[in-house]
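# Examining the three-dimensional arrangement
Here's the letter readout for the chains.
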Amino acid sequence: MKVWKFGSRWSDNGDPDTSIADRVFRRYNLAFAYTHAVLDARAHDLFALANGFTVIAVGEILSEPAEIRNLSITPSDADWKEFFNDSNVCGCVVRYCWLPREAQFLYKRIGMFCHAPAIADRVEALYQQYR
């Protein structure tokens, strides 16, 4: 099992006001990014979801990652056009554990998606605690 990090800001420069954690990630129980690197993850791997450097949720990947158009989701037309209508958007169905503020922590690695072994133990412990 590996641990991954997804970013929730949907802009080229990571503007603080562009987090789509609630609007999209939580609504559809998805984790996704604009990269095929997501396809390296596997079902039952764990992940952290960050808003900037702050990890706001942890969870488990429930489906094998795929191009977003191949997942069984039914987004609104507006969300489809804004976030998902591109073959480079890949993701997976997930189970989230949204962290209370006191359990959130910093992980200062910039990027929309990456392998995150440095926080693996902490993510696993939080997932066990909050699931």
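Summary of the structure given here. (Residues numbered from 1 in each chain as written. Predicted model: local features only at pLDDT ≥ 70, side-chain atom pairs only at ≥ 80, totals over all residues. Heavy atoms only, no water.)

## Examining a nonpolar patch on the surface
Definition in use: What goes into a patch is any residue over 30% in relative accessible area without a salt bridge, connected to like charges within 9 Å or, for nonpolar side chains (Val, Leu, Ile, Met, Phe, Trp, Tyr), within 5 Å. Surface accessibility follows the Shrake-Rupley procedure with a 1.4 Å probe radius. Residue values consider only the protein chains on display as shielding. Note on definitions: salt bridges are taken to be side-chain nitrogens of Lys or Arg within 4 Å of carboxyl oxygens of Asp or Glu. Helix numbering and strand numbering both begin at the N terminus, where a helix is a DSSP run of H or I of at least 4 residues and a strand a DSSP run of E of at least 2. For the exposure calls, accessible area comes from a 1.4 Å probe over protein chains only, and a residue counts as buried if that area is under 20% of its type's maximum, exposed if over 50%, partly exposed in between.
Side chains of Phe53, Leu106 and Ile110 sit close together on the surface and give an oily, nonpolar patch of about 340 Å² of accessible area. Inspection of the secondary structure puts Ile110 in the loop between β7 (105-106) and β8 (113-115). Given a relative accessible area of 74%, Ile110 falls into the exposed group.

## A few points about unusual backbone geometry
You will see that Asn29, though not glycine, has its phi angle at about 50°, which is positive. Tracing the chain through its elements places Asn29 in the loop between α1 (21-28) and β2 (30-33). In this structure Asn29 comes out as partly exposed when scored by relative accessible area, which is 38%. Phi is positive for His44, which is not a glycine, with a value near 80°. Mapped onto the elements of the fold, His44 is located in the loop between β2 and β3 (46-51).

## With respect to the pattern of salt bridges
Throughout the structure, instances matching the rule amount to 7 salt bridges. As a salt-bridge pair, Arg23 and Glu82 come within 2.9 Å of each other at their nearest N and O atoms. Remark: Glu82 occurs in helix α2 (residues 77-84) and Arg23 occurs in helix α1; sequence separation between them is 59 residues. Beyond isolated ion pairs, a larger network of salt bridges with shared partners links Arg23, Arg27, Asp79 and Glu82.

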